[in-house]
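Single-letter residue listing:
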Amino acid sequence: MARGWRGILVSTLLVVSAGCSAAQQQQQQQPQQQAALPSATADEVFSIIARAVQQELRPVVSKLESQVESLDKTVRRHESRVESLDNRLTLLDSRMSTLTAHVLTNRLGERMEEVSSQLSGITARLDSQQSQLDSQQSQLDSQLSQLSELNTQLNEQNSQQEETAATVNNVTAQLDTVVTQQEDQLTETSKLVIRLDSQQSQLSELNAKLKQQKAQQGEIEATVNDNVDRLEYNVTLLENQLTKVSGLANRLDSQQSQLDELSDQLNEQKSLQNVTAVTTDDHLLTAPLDATTSQTVTLGSQLAETMNKTAASKESIDHLASEVKQPPTPRDCSGLPVGSPSGVYLLRPSGDSTQPPVQSYCDMDTAGGNWTVIQRRDDIEPRQDFYLGWKEYKEGFGDVTKEFWWGLEHLFQLTSSDRRYELRVDLEAFDGSRRHATYQGFRISSEEDGYQLSVSDYSGTAGNGLKFSVNEKFSTRDRDQDGRSDVHCAQRHQGPWWYGWRWLCGWSNLNGRYRDGSKWDRTGIWWWRWREAESLKKTDMKIRPT
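Rules and cut-offs
Residues numbered from 1 in each chain as written. Predicted model: local features only at pLDDT ≥ 70, side-chain atom pairs only at ≥ 80, totals over all residues. Heavy atoms only, no water. Helix = DSSP H or I, 4+ residues; strand = E, 2+ residues; numbered from the N terminus. Salt bridge = Lys/Arg side-chain N within 4 Å of Asp/Glu carboxyl O. Buried < 20%, exposed > 50% of the residue type's maximum accessible area, 1.4 Å probe, protein only. Polar contact = N/O pair within 3.5 Å; in protein donor to acceptor, adjacent residues only side chain to side chain. Pairing = 2+ DSSP bridges. Phe/Tyr/Trp six-rings, centres within 6.5 Å; stacked < 30°, edge-to-face > 60°. Lys NZ or Arg CZ within 6 Å of the ring centre and 35° of its normal.

Participant: Could you give an account of unusual backbone geometry, with specific residues and numbers?
Facilitator: Outside of glycine, negative phi angles account for most residues, and trans bonds account for most peptide bonds. In this structure, the amide linkage connecting Glu381 to the following residue, Pro382, adopts the cis form with an omega of -5°. Here Pro382 is to be found in the loop between β3 (371–377) and α6 (390–395).

If you want it as structure tokens, here you go:
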């Protein structure tokens, strides 16, 4: 710019000096034209200067116009992004209203109100940014008007070019500042988009929790239905037993009336005997007295027999009343009424009514039903720890509706009776494949004998994983009974089991650590004859009488 002005000044000086020289020559030759030539030469000089200035300012004006056009594009891009954000907010509001309609608990409602307040804050911030963008747009419009005015002033006042150039530089700096602010606004808008995505993920999590609560509610309803069916069955039994008690009570009332009649007859005979003794002599008294005595003896025997029957009836009624108050508890799931659904029941494996019943899970569907489940492993959170000690495995632990071990002592009490039991082991891998193994002659010995395992006659599709567990005692982390002196199998595999001294402690480990995924791990849950030491997803052990 400075070089341009210098060139214009040099050209102007050359033209003026040339004009002056020509004027002096013409003054000597033609004195009459002396006044006209200098004036014409000055106008030409000023027109040349004006054209030169316009040529120098034309690139500046075009640059300003391109910057203004770029700024307009930036503003339009921001407006489109703001419009996209408004659309996303509208969609998010609709999803929020849909989710709010399915909220079932006060806690979830409070969470939704908190999310709504956050969204309201985000909406307010977006509205504020929109107002800022509108304000900046108005500033740009005013600056464009200022540029128009400057362009007009440039066309009208060539003498103020330097001041106009300074003003243009200031405007350019302001435009750079505005562009920087727009970039900052764009950065904040990107952050808002990220936060909106985070809110969307939170809403998805809330949806998942809501579905989980619905599933839990369905399970609770199923359990309640099972309990209602059991109560209805017990009510039917009570009604039948009450009918029997009522019949016995009627019989007892009838016998009581007969007893009263016999007592009255006996009293009459005694009074008749007394009258006869007073009014008759000894000779005449002998025959009637013998008859009266024999009749009295007969009535007494009848009275005694009636009292014995009454006592027996009373004992029968008391027994039935005790049965009505406390229905008999079956030893295993095969003792449940026909048609009972799968679910949680109370069993008494010892058969001793003085011992408390045990909560158990009955599988009434698999392979004909009547299965008493004694162990279950599954992908259920929170995880049940199975690496426990002797006391826990003796008494049982866990939740019978989730993961649990029923108890070695219960197994001993149940299988020590005269009934023979069969064992079924159901297995499932993480890829969805399923296998099963069935054994006959399942029996567990006493604690003094180490709860030794007895099974025979394998059949099924999973392979004989208990081949080296037969006749072996049960081992836990605090009681080593595997018969090996070089290694503690329960500690090595981190799971109590019927381990043996052959084949690296045996071919199965269903009480090991739960491993996510089908990882090959000897401390996990595995059945060697099917997937070797690949960790399984689900196992199920159950027994029933044969």
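Participant: Give a description of the pattern of salt bridges that names residues and reports values.
Facilitator: If charged atoms from side chains of opposite charge come close, those side chains can pair. This structure, assessed with the given rule, holds 17 salt bridges. Two residues, Asp516 and Arg383, come together in a salt bridge whose shortest N-O distance is 2.7 Å. Of this pair, Asp516 sits in the loop between β9 (508–509) and β10 (526–527) while Arg383 sits in the loop between β3 and α6, placing them 133 residues apart in sequence. Its relative accessible area of 29% is what places Arg383 among the partly exposed residues. The shortest N-O distance in the salt bridge between Glu534 and Arg531 comes to 2.8 Å. The exposure class assigned to Glu534 is buried, which follows from its relative accessible area of 17%.

Participant: Give me the side chain of Arg544: which residues, what numbers.
Facilitator: Tracing the backbone through its elements, the reader meets Arg544 in strand β11 (residues 538–545). The class of Arg544 is buried, set by a relative accessible area of 16%. Of note is the side chain of Arg544, whose polar atom sits 2.8 Å from the backbone oxygen of Gly369. A distance of 2.8 Å separates polar atoms of two side chains, one belonging to Arg544 and the other to Glu422.

Participant: So what's going on with helix α7 (residues 408–415)? Residues and values would help.
Facilitator: For α7, the tally of buried residues reaches six of eight residues, placing the bulk of the element in the interior. Turning to α7, its buried residues are Leu408, His410, Leu411, Gln413, Leu414 and Thr415.

Participant: Summarise the pairing of β11; cite the residues concerned and give the values.
Facilitator: Of all eight residues making up β11, seven are buried, and the element is well covered by its neighbours. Looking at chain direction, β3 and β11 are connected through five bridges and run antiparallel. When the bridges of β11 are listed, Val373 appears paired with Lys542. Two elements, strand β6 (residues 421–428) and β11, share eight bridges in a ladder whose sense is antiparallel. Note that in β11 the partner of Tyr421 across the bridge is Pro545.

Participant: Break down the packing of aromatic side chains for me, citing the residues and quoting the values.
Facilitator: Scanning all chains against the criterion turns up 14 aromatic pairs. With 5.0 Å between their ring centres and 75° between their planes, Tyr393 and Phe397 make a pair best called edge-to-face. On the basis of relative accessibility, which here comes to 0%, the residue Tyr393 falls in the buried class. Ring geometry for Phe474 against Trp498: centres 5.0 Å apart, planes inclined by 80°, an arrangement best described as edge-to-face. Highlighted residues: Phe474 in the loop between β8 (453–460) and α8 (489–493) and Trp498 in the loop between α8 and β9, separated in sequence by 24 residues. Site record: aromatic cluster; members linked through ring pairs are Phe386, Tyr393, Phe397, Trp405, Phe474, Trp497 and Trp498. The cationic tip of Arg376 hangs over the ring face of Tyr361; the distance from NZ or CZ to the ring centre is 4.7 Å. In this structure, Arg522 is placed above the aromatic ring of Trp526, and the distance from its NZ or CZ to the ring centre is 5.2 Å.

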